[in-house]
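Analysis of the macromolecular model
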Amino acid sequence: MAGYFTDILGNAGTKSRLADLVSRGTLPHALIIAGDAGCGKHTLALGIAEALNCERRGSSVPCGLCDSCRRIREGNFPDVMTVRRPDGRATLGVDDIRAMKEDTFLSATESEYKVYIIEDAETMTQAAQNALLKVLEEPPEKCIIILLCSDPSKLLVTVRSRAQTLTMEKFDDATVRDYLIKNVSGAAALAKSDPQRLDDIVISAGGRIGEAKRGLDPRSAEAKEAERACVFSLVASAGSGARFPEIYAAVYSLPQKRQELSDALTLAMTAVRDIITVKTGTGLPLLFYTSEVAARDAAANISRERAGEIFGILTDTYDMCQKNTNVQATLASLASRIRFG
């Protein structure tokens, strides 16, 4: 029997379920792949598209070597389309989904199946989701729609009810570290020259291999360090005794582009979550700070109650970003609420 999705790390239950569906030809017309950024959602979605259109189907499906597999992986296959938010937009609008919908009713060009991968599906507006719902209710034959989503609860119930959900698992730090050393250029050398730096990248990735790979890229690593520095300043400014000039400087050091600001706010929520963890002694693993000592140092100047309040403020600010609120107004609101509560 062929092995399915052998190049996908872990996720044994998900792979087994997909293998059964693909081999029997019973794959549903709509799937939701859920998981945090960098956990491999897009890789799995491409693997499904390859498996459906693989030309060899030998001992491994997809084979990863045939013309169809190679071109799908490279993003150069006419019957596999990725739908993304336009640059600078916080949401995926109805026009984008309508364009996809029209394309679904066209015949496949080179393959048996047409596959549509919708990235950040939870950012679809309600109008966009309703437009998609019409396709999900009456799907064209041999058409598969895959929604990649970090938070499926943000999708309409009617959308979720018409798709099967697959959840990507996170990996332990040892697995991530081992993968990097074996598969990512420079990781093995870094393990010898600066093992603490590699450990920091692994811990910061939070069990997400994609995030760890980005941490090894010099340009991505530099941007990530700058983002973390902003978060350190923001958390420090939220403690007791901080003056408004310090708060203002910390808030306005955050990225000014909407998506980058959303990412920084998510990271800040993770940092405050770590502070609450050490304050309450729950023993949960840290996700932002690379050691308990660092987390306790950050927590020394902020009470448990204040940390909870700041977490709520950050959550509200993140929601403002998702609603396309003006970025400058969002930052002004954040600074004011950190100062006055």
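Residues numbered from 1 in each chain as written. Predicted model: local features only at pLDDT ≥ 70, side-chain atom pairs only at ≥ 80, totals over all residues. Heavy atoms only, no water.

Let's talk about the side chain of aspartate 79
With respect to the helices and strands, aspartate 79 occurs in the loop between α3 (67–74) and β4 (80–83). From its side chain, aspartate 79 meets the backbone nitrogen of threonine 109 in a polar contact 2.7 Å long. Within the structure, aspartate 79 has its side chain in polar contact with the backbone nitrogen of glutamate 110 (distance 2.7 Å). Not counting chain neighbours up to four residues away, the residues in contact with aspartate 79 comprise Ala108, Thr109, Glu110, Ser111, Tyr113, Lys114 and Val115. (Helix = DSSP H or I, 4+ residues; strand = E, 2+ residues; numbered from the N terminus. Polar contact = N/O pair within 3.5 Å; in protein donor to acceptor, adjacent residues only side chain to side chain. Contact = heavy atoms within 4.5 Å.)

Thoughts on the packing of aromatic side chains
Inspection of the entire model under this criterion finds six aromatic pairs. Counting every residue linked through ring pairs, the aromatic cluster contains Phe232, Phe288 and Tyr289. (Phe/Tyr/Trp six-rings, centres within 6.5 Å; stacked < 30°, edge-to-face > 60°.)

A word on the nonpolar core
Grouped together as the largest cluster of nonpolar side chains are 35 residues, with contacts concentrated most on Leu234, Val251, Leu254, Ile310, Leu314, Leu334 and Ile338. Those elements giving two or more residues to this core turn out to be α11 (218–237), α12 (244–251), α13 (258–280), α14 (292–299), α15 (304–322) and α16 (327–340). Ranked by residue count, the leading element in this core is α13, at 10 residues. Those residues within four positions of leucine 334 in sequence are excluded, and the remaining contacts are Val251, Leu254, Leu265, Ile313, Leu314 and Thr317. (Core = buried A, V, L, I, M, F, W, Y, C linked by side-chain atoms within 4.5 Å. Buried < 20%, exposed > 50% of the residue type's maximum accessible area, 1.4 Å probe, protein only.)

Considerations on the environment of alanine 128
Mapped onto the elements, alanine 128 comes out in helix α5 (residues 126–137). A relative accessible area of 0% means that alanine 128 is categorised as buried. For the pair alanine 128 and arginine 17, spaced 111 residues apart in the sequence, the C-alpha separation amounts to 29 Å. Apart from the residues lying within four places of it in its own chain, the contact partners of alanine 128 are Leu92, Gly93, Val94 and Ile97.

Some remarks on the sheet that holds strand β5 (residues 114–118)
Read from one edge of the open sheet, five strands run β4-β5-β6-β2-β7, paired in parallel fashion. At either end of the open sheet lies a strand with only one pairing partner, and these are β4 and β7 (164–167). Ignoring strand direction, the axes of neighbouring strands in this sheet form an average angle of 20°. Where β4 meets β5, four bridges bridge the pair, whose relative direction is parallel. Bridging from a neighbouring strand, threonine 82 pairs with isoleucine 117 of β5. The sheet contacts of helix α4 (residues 94–104) involve β4, β5 and β6 (143–149), and relative to β5 the element is tilted by about 170°. Contacts from α5 reach β2 (30–34), β5 and β6, with the element oriented near 140° to β6. (Pairing = 2+ DSSP bridges. Axes fitted to C-alpha atoms, helices over the stretch in contact; angles between N-to-C directions.)

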